[in-house]
Each structure stands twice: as structure tokens, then as C-alpha cells.
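The chain contents come next:
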Amino acid sequence: MRTHSCAVYSIMSGVVKASIRKIAKIVGISKSSAHRSMQSIKKRDLHPESHLWETTEGAKWLSLLYFGAIIFFVIYGGIGAERLSRFFAFIRINHRVASSPSKIREVADKASGLLGEYQQEQETQHPVDTPLKIVGGVDETYFDLMILVLMDLSSGYIFLEEESDDKSYVTWLDLVKNISNKFNLQFKYFVSDRAKQLIKLATHGFETSSIPDLFHASNELVKLFGLKLKRMKKKLENKFFKDLIALVFLYELRQEHPQIVWWQTQIIMSLQTEQIKVDNGISKYKEMLHQVSIFLHPFDIENLSPVTSATIEALLLIIVQEGEKLKEEFNISSKKNHLKKFKKQIKDMASLIDTWWFWINEYFQDSDYDDELKNWIVRYLLPFLYWQKQAAKTKSPDLKEAYQHAANQAQTELNGNPHSHEYLEKNDIVSWAKWMISNFQRTSSAVEGRNGWLSQMNHNGRGISPKRLKAQTVLHNYYLKREDGTTAAERLFHQKFPDPLEWVIDRMGDLPLPRNRSCAITS
């Protein structure tokens, strides 16, 4: 119908005028159909831009605008259908397409279903033949129901994101086993909080390492020192301000009551000393957090040499000793024993180092690299790529400065090696090294960020249906791109996929017409 309308308009708008009979013959429709089409075109000519939608190109663009807006704003952005309906009226296409909230919801539901079909088609057409070695990020988040999430932390690809009323080890194992078999996954290690079922999933279910999330572990120090030291500082500041005001009033009585003024001055000086002490305590606490982040890397930030889990464990235990001293200095108590919780996670946090190096050595054993090339990769290429990535990724000014200094030092050493020019031309080696760097994962922050995004949508008051959640997952995997222009699916499977939005829009059919066209036109 829309095709015939565009053809009729093309003839009507031509230089040479044609009769209804001739238009009908050219288009291949009846005379009455041609007449109705011409009358409809005239009725739709309400605005200066109306003629654009009558052309073939304009009709295609209108379809892209309508369906694209619904996918972007309603499905992906969580915007309500009522608001989008008002937007369509604002841009004056409500006389062209069905724009009622109920119709928009219906179209969004259809598009969500098609996005699910898109992923099924891609998985069918691109089966995984060779094992995918990944780092699993697992977490549980809560909306109306609990959502279980499994993500490859390197690529960002989400394998599992669905509702569940159970988070037991058996449930997790059943779900992840099915996904592992479907995608031929080989988990090198998992990163998660310290939920017992998630630890067991890694150590028993897949017989691999369970690495504590660095941010969750560091948060134990924040809970212990950060909040309490800041409260001390605030309390002292308030008291100092009050006593300073009192001293101002007492100063007028310094001739009659010098002793009172002297005592008040001593109180002020004592508070200043306490403030300095608390400020020093806060500095020590912040330095502890800084050291935790600086230490937990596969290379020494000073000399760039590879480190071991034993070295990192020893360094982190020194931080615990400093924490004990800080607790005692400020008489800080903790019913939940946060410092002990942090200490219990040190061994598993440090184990990430040896786990990662074992993965690299495993690759070396299967390769035909000679010892000279292996040494160049470990001592020159990997440190440069690693610190370069850390410097680009971190937002902390202090950490960025330290990481950038290490990256510059590593680049100098890489450029100074006589074999670098030859080896850097081997793209397969550099690509593998970058991939290995991306698989050193200290945190599950990608999963936490995803959960935060879904939580924001859920708290918009509209909730997330299972079909809508599935559509969100597909868009995350196959549409959203990083700065390098790649999607999560492309990074994981190392191949291109069709654009999901174009795929869906091609299958949405004709644009739905307004429910009451005569009212719409005369309104």
C-alpha cells in the first residue's frame, strides 16, 4: 500500500500532469484505488515537510525514524511510551504513523521478540568450534526478582542475564554448565564477590580459581577507616568552630580574666593538634587503598619485572599490619571485623598473579616460540601493553600518573631492545599479547556497571519484563561499541555480525497507520 502511494505521488509531483486513469495504469492499480490514494495524499499535506514522507526515500527514512526511536528510547533507554508518543506529535509524524502509547508498546514488544530471534539466528549461523577461553564475571542483582548475570570480563559479552527465584549453587551450576556446553567455554578463572555459592561454582563446579573482586575487598577498608575517620574529622571541625567563637567573646575579658582566656586558647591548640592527627590518619588510610591498587598487578610498577602471588601476598599483609596500627591509634572498633575480612581475601586475590602467568606459560608450551622470543614478550611487550592500558583506563589522577610513568618506562625499554622492530611486525604475537592483557581482571566492575544500568531502568518505575531484558542483553552484545568500534560479540567470537537494528527494522513490516486517520488529519 505504501509502495503504491509513493508511486502515485511520484507521478502527481512530476512536471507532466496525468489523469487518474493513466496514473492507475502506470502504477498497476484500479482507478478507484488511484483516486483514493490521491485524495489521501492531499489530506496528509498538512505541513511544509509533508511531501517528504510521500517519496520512496522519505518513507524509508520515516520507517527508520519510527522503529529506531522505539528501539532506542523505549527498549534500550527505558523511556515511557507516553513520552515518546508526545515526541512523535511534536515532530508532526502522528498523522503519518500510529503513535498512541498502546501502539508504541505493541511495536516495542514485537521488536523485543525480534531481537531475541536475531541472537538465535547468529548463534545458529556462527557455531563455536574451538574452545573459548574466558574470564567469568558472576553476580546477582535484585529488582522485582533476582537477576543472575554471567559475563566474559575481557570482551564484555553477556552469556546469562535472566530472572531467577533461586541463587543456590545447584541453580548456578546448572545454568552455567548449559551455557558452557552451548558456547564451548573454558573458564580460566572467575571474579566475584565472596558469596559462597559463587566461590563454590568456580572451585567445585569448574575446578578453577575464584578471585575476589578487588573493589569489594578494598571496600572493607573503606567501611572500617573511611567513614569513621571522616566522622572524627567532622566532629573536631564543629567543636573547633564553636570553641573559636567562644574565644572571640572571651578575648574582650582578657584583662579581667586572663586565666580563662589562656585555658580557652589551650583548648583551641589541643583541637588543632587532634585535627592534624586525624588528617594524618586519613592520609595513611588513603595510602593503604592506593597501595592495594598499586600492588595487585602482574608486573612491578618500579622495575617492570614479573611478580609472583607470594610477593603480592606479602605486600598486602604489610597493609593489614598498617591497618592494625591505625585501628589501635584511633581506637577504632568493628563489630563485623572488616580488617579480618580483608585479610581473609588476600591469598585468593594474590593467586590471580600466578593464575594469569600459568595461562601464559600454557600458551608458550603449545607454541613454537624460541626462548628469546618468549623472553621478549614477557620482559618487554607485555609490560608496555599492560601499563599503557592501565594508564588509559584509570580515572584516578594519582594512579594515572604512576601507571603512565610505568608505561613510559616500559616503552623506552621496548624501543631499546634490538629485537623489538622485528618482533613488533608479527601482528599475531601483538594481537595475542593484547588479548592476554585484557584477560587480567582484578574486578567484576563491568558486571557491576551493567547491574547499575539495569537498576536505573527498573527504578524508572516501569520494571523490566523477561522479553525486554533479553532485548537489552542482545543490544549490549551485538550493538553497543567500545572506542575501538567493536561490539562485545565481535571481540569474543572474532568475527563480524549483521547490525541488529537494521536486521530487526527489516522485519518489522509496514509502518502502522494512525488509529483514526480522519480525526488525526482534521485535528
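Throughout this document, residue positions are counted from 1 along each chain, in the order its sequence is written. Local features are withheld for residues below a pLDDT of 70 in this predicted model, meaning they are given only at 70 or higher, and side-chain atom pairs are given and counted only at 80 or more; totals for whole chains, interfaces and linings count all residues. No hydrogens and no water enter the side-chain calculation; it runs on all heavy atoms of the structure.

Novice: In this structure, what is going on with the overall build of the protein? I would like to understand it.
Specialist: Secondary structure elements follow DSSP: runs of H or I no shorter than four residues count as helices, runs of E no shorter than two count as strands, and numbering proceeds from the N terminus. From N to C terminus, the protein includes 21 helices and five strands. Only protein chains enter the accessibility calculation, which uses a 1.4 Å probe; a residue whose area is less than 20% of its type maximum is buried, one above 50% is exposed, and one in between is partly exposed. When each of the 523 residues of the protein is scored for burial, the buried share is 46%. Two residues qualify as a contact provided that any one of their heavy atoms is within 4.5 Å of a heavy atom in the partner residue. In the protein, 71% of the contacts between residues at least 6 apart in sequence involve partners at least 24 apart. We get accessible surface area from the Shrake-Rupley algorithm with a probe of 1.4 Å; when it comes to residues, only the shown protein chains can shield them. Roughly 28,000 Å² of accessible area belongs to the protein as shown, and the carbon and sulfur atoms make up 53% of that amount.

Novice: In this structure, what is going on with the sheet that holds strand E1 (residues 132-142)? I would like to understand it.
Specialist: Overall, mixed pairing links the five strands, which are arranged E3-E2-E1-E4-E5 in an open sheet. The strands lining the two open edges of the sheet, one partner per strand, are strand E3 (158-164) and strand E5 (209-212). The average angle at which neighbouring strand axes cross in this sheet is 25 degrees, direction not considered. Note on definitions: angles span 0 to 180 degrees between N-to-C directions of axes, and those axes are lines fitted to C-alpha atoms, for helices only across the stretch in contact. This element, helix H12 (residues 338-366), spans E1, strand E4 (185-192) and E5 of the sheet and lies at about 130 degrees to E5. The strands touched by helix H18 (residues 466-478) within the sheet are strand E2 (146-152) and E3, with E3 carrying the most contacts at an inclination of about 165 degrees. When DSSP finds two or more bridges between a pair of strands, those strands are recorded as paired.

Novice: Hey, could you run me through helix H14 (residues 397-416) in this one?
Specialist: The periodicity of an α-helix, 3.6 residues per turn, causes residues three or four positions apart to be oriented the same way. Over its 20 residues, H14 runs 28 Å from end to end, which matches the ideal 28 Å to within 8%, given 1.5 Å per residue. Elements in contact with the buried residues of H14: helix H10 (258-295), helix H13 (371-393) and helix H15 (420-424). Here the expected span of a helix is defined as 1.5 Å times the quantity of residues minus one.

Novice: What exactly am I supposed to notice about the nonpolar core here?
Specialist: Soluble, globular proteins show a tendency: their nonpolar side chains are buried together. Counting residues in hydrophobic clusters, the biggest one holds 82 residues, and the most contacted among them are Phe225, Trp356, Ile377, Leu382 and Trp387. Sort the elements by how many residues they give to this core and H12 lands first, with twelve residues. To qualify as a nonpolar core, a set must consist of buried Ala, Val, Leu, Ile, Met, Phe, Trp, Tyr and Cys residues joined through side-chain atoms within 4.5 Å. In terms of nonpolar packing, the next biggest core, distinct from the first, is built from 58 residues, Leu160, Ile179, Phe206 and Phe497 among them.

Novice: Quick question: what am I supposed to make of a negative patch on the surface here?
Specialist: On the surface, a cluster of negative charge is contributed by Asp368, Asp370, Asp371, Glu372, Glu422 and Glu425. Residue position: Glu372 is located in helix H13. To count toward a patch, a residue needs a relative accessible area over 30% and no salt bridge; like charges are then connected within 9 Å, while nonpolar side chains (Val, Leu, Ile, Met, Phe, Trp, Tyr) are connected within 5 Å. By convention in these notes, a salt bridge is any Lys or Arg side-chain nitrogen within 4 Å of a carboxyl oxygen on Asp or Glu. Under the convention used here, Asp and Glu are negative, Lys and Arg are positive, and both His and the chain ends fall outside the count. The atoms used to mark charge sites are NZ of Lys, CZ of Arg, CG of Asp and CD of Glu.

Novice: When you look at the environment of Lys284 in this model, what are you seeing that I'm missing?
Specialist: In this fold, Lys284 is placed in helix H10. The exposure class assigned to Lys284 is partly exposed, which follows from its relative accessible area of 43%. In this structure, the C-alpha to C-alpha distance between Lys284 and Leu326, residues 42 residues apart in sequence, is 8.0 Å. Once residues within four sequence positions are removed from consideration, Lys284 is found in contact with Leu326 and Glu329. Within the structure, the side chain of Lys284 is placed 3.5 Å from the side chain of Glu329, a separation counted as a polar contact. Distance and chemistry together define a polar contact, namely a pair of N or O atoms within 3.5 Å, with one atom able to donate a hydrogen and the other to accept it when in protein, and with adjacent residues in sequence counting only for side-chain atoms on both sides.

Novice: Sorry if this is basic, but what is going on with a positive patch on the surface here?
Specialist: Taken together, the side chains of Lys196, Lys223, Lys336, Lys340, Lys341 and Lys344 present a region of like positive charge at the surface. Of all the elements, H12 adds the most residues to the positive patch, at three residues. As for its position among the elements, Lys340 is in helix H12.

Novice: In this structure, what is going on with the pairing of E2? I would like to understand it.
Specialist: Looking along a regular strand, one sees the side chains alternate between the two faces of the sheet. The buried fraction of E2 amounts to seven of the seven residues, a majority that puts the element mostly inside the structure. What you see with E2 is no split at all: Met146, Leu148, Leu150 and Asp152 on one side and Ile147, Val149 and Met151 on the other are buried throughout. Both E1 and E2 contribute to a ladder of seven bridges, which runs antiparallel. Paired with Gly137 across the strands is Met151, a residue of E2. Remark: three residues form the turn of the hairpin made by E1 and E2, two consecutive strands paired antiparallel. The pairing of E2 with E3 spans six bridges and is classified as antiparallel. Residue pairing in the sheet places Val149 in a bridge with Glu161 of E3. Between the end of E2 and the start of E3, which pair antiparallel, lie five residues, with Gly156 showing a positive phi angle near 85 degrees.

Novice: Hey, could you run me through the pairing of E5 in this one?
Specialist: Relative to E5, E4 is paired through four bridges, and the arrangement is parallel. Along E5, the bridge assignment pairs Ser192 with Pro212. Once the chain exits E4 it traverses helix H8 (residues 196-205) before rejoining the sheet at E5, and the crossover so formed is right-handed. Whether a crossover is right-handed depends on one test, that the path from the first strand over the helix to the second runs clockwise when the strands point away from the viewer.

Novice: Explain the packing of aromatic side chains to me, please; I cannot follow it from the model alone.
Specialist: To describe a pair of aromatic rings, one takes the distance between the centres and the angle between the planes. In this scheme Phe, Tyr and Trp rings, the latter by its six-membered ring, pair at centre separations within 6.5 Å, and the angle between planes marks the pair as stacked below 30 degrees, edge-to-face above 60, and tilted otherwise. Inspection of the entire model under this criterion finds 34 aromatic pairs. Each ring, one from Tyr118 and one from Trp503, has its centre 5.5 Å from the other, and the planes form 70 degrees; the classification is edge-to-face. One end of the pair, Tyr118, is in helix H6 (residues 101-125); the other, Trp503, is in helix H20 (residues 500-506), and 385 residues separate them in sequence. Look at Tyr118 and you get buried, because its relative accessible area is 0%. Judged by its relative accessible area of 9%, Trp503 is buried. Three or more aromatic residues link up through ring pairs in this structure, and these residues are Tyr118, Tyr157, Phe159, Phe183, Tyr478, Phe493, Phe497 and Trp503.

Novice: What should I look at first to understand the pattern of salt bridges in this one?
Specialist: Note on pairing: side chains with opposite charge can pair once their charged atoms come close. Counting across every chain of the model gives twelve salt bridges. Salt-bridge contacts for Glu123 lead to Lys182; the nearest nitrogen and oxygen are separated by 2.8 Å. One end of the pair, Glu123, is in helix H6; the other, Lys182, is in helix H7 (residues 169-183), and 59 residues separate them in sequence. Overall, Lys182 belongs to the exposed group, its relative accessible area being 51%. Of the charged contacts in the structure, one is a salt bridge between Lys496 and Glu490, with a shortest N-O distance of 3.9 Å. Lys496 gets classed as exposed once you look at its relative accessible area, which sits at 63%. Overall, Glu490 belongs to the buried group, its relative accessible area being 13%.

Novice: For this particular structure, what's the right way to read the packing of helix H11 (residues 309-330) against H12?
Specialist: Axis angle and axis distance: for two packed helices, these are the angle between their axes and the distance between the axes, and together they describe the pair. Running from amino to carboxyl end, H11 crosses H12 at an angle of 165 degrees, the nearest separation of the two axes being 8 Å. One way to sum up the angle between H11 and H12 is to call them roughly antiparallel. Pair H11 / H12 crosses with right-handed handedness. In this structure, H11 contributes Ser309, Ile312, Glu313, Leu316, Leu317, Val320, Gly323, Glu324 and Lys327 to the contact, and H12 contributes Leu339, Phe342, Lys343, Ile346, Lys347, Met349, Ala350, Ser351, Ile353 and Asp354. By definition in this entry, angles of less than 35 degrees are roughly parallel, angles greater than 145 are roughly antiparallel, angles of 65 to 115 are roughly perpendicular, and the rest are oblique. In this scheme the handedness of a crossing depends on how the near helix is turned from the far one: anticlockwise by less than a right angle means left-handed, clockwise means right-handed.

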